[in-house]
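Listed here are the chains, written in short residue letters.
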Amino acid sequence: LNAETYCGMCDASAVITLNEDLFVVGDDEDSVLRIFSRSKGGAAIHRFNLAPFLGFLRDDEADIEGSTRLGDKLFWITSHGNNRKGREQESRQRFFAMTVKTNGGAIRLEPVGKPYTRLLDHLLADPRLQKFNLRASLNLPPKTPGALNIEGLAATPEGHLLIGFRNPVPQ
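Residues numbered from 1 in each chain as written. Predicted model: local features only at pLDDT ≥ 70, side-chain atom pairs only at ≥ 80, totals over all residues. Heavy atoms only, no water.

1. A few points about the pairing of strand E2 (residues 12–17)
In this sheet, strand E3 (residues 22–27) lies alongside E2 in antiparallel orientation, the contact comprising five bridges. Considered in E3, the bridge of Ile16 is made with Val24. Between E2 and E3, which pair antiparallel in sequence order, lie four residues. (Pairing = 2+ DSSP bridges. Helix = DSSP H or I, 4+ residues; strand = E, 2+ residues; numbered from the N terminus.)

2. Describing the environment of Asn149
Considering the arrangement of structural elements, one finds Asn149 in strand E11 (residues 149–155). C-alpha separation for the pair Asn149 and Leu134, spaced 15 residues apart in sequence, amounts to 10 Å. Beyond its immediate stretch of four places on either side in the chain, Asn149 contacts Ser79, Pro142, Phe165, Arg166 and Asn167. In this structure the side chain of Asn149 is engaged in a polar contact, spanning 3.4 Å, whose partner is the side chain of Glu151. (Contact = heavy atoms within 4.5 Å. Polar contact = N/O pair within 3.5 Å; in protein donor to acceptor, adjacent residues only side chain to side chain.)

3. Thoughts on the sheet that holds strand E6 (residues 46–49)
Strand order in this open sheet of four strands is E2-E3-E4-E6, and the pairing throughout is antiparallel. Pairing within the sheet leaves two strands with one partner each, and these edge strands are E2 and E6. Here the average twist between neighbouring strands, direction ignored, is 25 degrees. Pairing geometry for strand E4 (residues 32–37) and E6, over four bridges, is antiparallel. Each residue of the ladder has a partner; that of Arg34, found in E6, is Arg47. (Axes fitted to C-alpha atoms, helices over the stretch in contact; angles between N-to-C directions.)

4. As for the packing of aromatic side chains
Scanning the model with the defined rule gives five aromatic pairs in all. For the pair Tyr6 and Phe23, a centre-to-centre distance of 5.2 Å together with 85 degrees between the ring planes defines the contact as edge-to-face. Taken together, the positions of Tyr6 in strand E1 (residues 6–7) and Phe23 in strand E3 put the pair 17 residues apart, joining distant regions of the chain. For Tyr6, a relative accessible area of 31% translates into the label partly exposed. The buried category is assigned to Phe23, whose relative accessible area is 11%. With a centroid separation of 5.8 Å and an interplanar angle of 75 degrees, the aromatic rings of Phe53 and Phe96 are classed as edge-to-face. Of the two residues, Phe53 is situated in helix H1 (residues 51–54) and Phe96 in strand E9 (residues 95–103); the sequence distance between them amounts to 43 residues. We classify Phe96 as buried; its relative accessible area is 2%. (Phe/Tyr/Trp six-rings, centres within 6.5 Å; stacked < 30°, edge-to-face > 60°. Buried < 20%, exposed > 50% of the residue type's maximum accessible area, 1.4 Å probe, protein only.)

5. Overview of the pattern of salt bridges
Side-chain pairs of opposite charge can arise where the charged atoms are in close proximity. Tallied over the entire structure, the rule returns nine salt bridges. For the salt bridge of Arg118 with Asp121, the shortest nitrogen-to-oxygen distance reads 3.1 Å. Close ionic contact of Asp126 with Arg128 constitutes a salt bridge, the shortest N to O distance being 2.5 Å. A relative accessible area of 64% places Arg128 in the exposed class. (Salt bridge = Lys/Arg side-chain N within 4 Å of Asp/Glu carboxyl O.)

6. Points about the confidence of the model for the protein
Per-residue pLDDT for the protein averages 89, and the proportion of residues at 70 or more is 97%. For the protein, per-element mean pLDDT is lowest for E1, which scores 82, and highest for strand E8 (residues 73–78), which scores 97. (pLDDT = per-residue confidence, 0-100.)

Shown next as structure tokens:
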């Protein structure tokens, strides 16, 4: 087993492969995407601070929890959950896309459009989701049974995105 060590973050929560050597990682403790080299290990070779793109006025925590690739776009989703005390944390309500650009061997991430900030509103309004009682989850800490907490994102072969919930868990 040949293992590499990667430095500069402590809570990796989402990853997307960029090519045979590079991958990008989101952390649920800050608002920075980091690109690492598989062959070199060590520190990130590129960092992308999401705060300006996500509309943060200070160093808010995005709480990135899921990612996936669909064609040439990289999709990222935050937890949409409250903070540990059960209070709404608007900075955790983001869904966004990026593309990867290369120029002379250099690689960079570029935001696509604007972050989507109304996913929670649309989930609450969707009649198909009423059975999950999402409205009751709004005042609960994210790890409490019944609280709202997104933990994953996946792409289907048909080009759809699936959102994975940690909570609420039906039945």
